[in-house]
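# Survey of secondary and tertiary structure
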Amino acid sequence: QVQLVESGGGLVQAGGSLRLSCAVSGSIFSLTAMAWYRQAPGQQRELVATIYSNRRTNYADSVEGRFTISRDNAQNTVRLQMNSLKPEDTAVYYCNNHIGTYPWGQGTQVTVSS
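Since we're looking at a predicted model, the values are computed, not measured.

What follows covers the pairing of strand β10 (residues 108–113). Burial of β10 is one-sided: the residues T108, V110 and V112 facing one way are buried, the residues Q109, T111 and S113 facing the other way are not. Summarising the sheet, strand β2 (residues 10–13) and β10 pair through 4 bridges and their orientation is parallel. Pairing of V12 across the sheet is with V112, part of β10. With 3 bridges connecting them, strand β9 (residues 91–97) and β10 associate as antiparallel partners. Counted as the bridge partner of V92 is Q109 from β10.

Here it is in structure tokens:
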């Protein structure tokens, strides 16, 4: 059973930065494309960033140039560096594989104040 544990969220002012981490257990991590998703109140969960096994990355237009996804295969960890944060980035952030089929973790809350 795959387990996902997200951490690193918090309250930050607009323009600030946060670094999220996701510890992954129970999967062949190094071969798996991983992703970060987010869900704002009253909205559907959306894909934010993807990193493939060859470290190729994709980003949603709304975060391109501000967020960076990375992976550490030795530690089975995927990270999301978020810079120049905006109030509209406020959401619960989750990690999962690139098609969202693992059991979802608890997520980590990111709140950006204006």
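Moving on, there is more to tell.
Think of a sheet as strands paired side by side through backbone hydrogen bonds, with each pair either parallel or antiparallel. Within the open sheet, the 6 strands sit side by side as β2-β10-β9-β4-β5-β6. Their pairing is mixed. Looking along the sheet, the strands with just one partner apiece sit at the ends: β2 and β6 (57–59). The mean angle between the axes of side-by-side strands here comes to 25 degrees, regardless of whether they run parallel or antiparallel.

Parameters and conventions
- Every chain begins its residue count from 1, and numbering advances along the sequence as written.
- Given that this is a predicted model, residues contribute local features only at a pLDDT of at least 70 and side-chain atom pairs are listed and counted only at 80 or more, while totals for whole chains, interfaces and linings are drawn from all residues.
- Heavy atoms throughout the structure, all of them, feed into the side-chain values; hydrogens and water do not.
- Three exposure classes are used, based on accessible area relative to the maximum for each residue type with a 1.4 Å probe and protein chains only: buried under 20%, partly exposed in between, and exposed over 50%.
- Working definition: helices are DSSP H or I runs of at least four residues, strands are E runs of at least two. Numbering for both runs from the N terminus.
- Whether two strands pair comes down to DSSP finding at least two bridges between them.
- Think of each axis as a best-fit line through the C-alpha atoms, taken over the contacting stretch in the case of a helix, with angles from 0 to 180 degrees between the N-to-C directions.

Bear in mind that shape data such as this cannot, by itself, settle questions of function.
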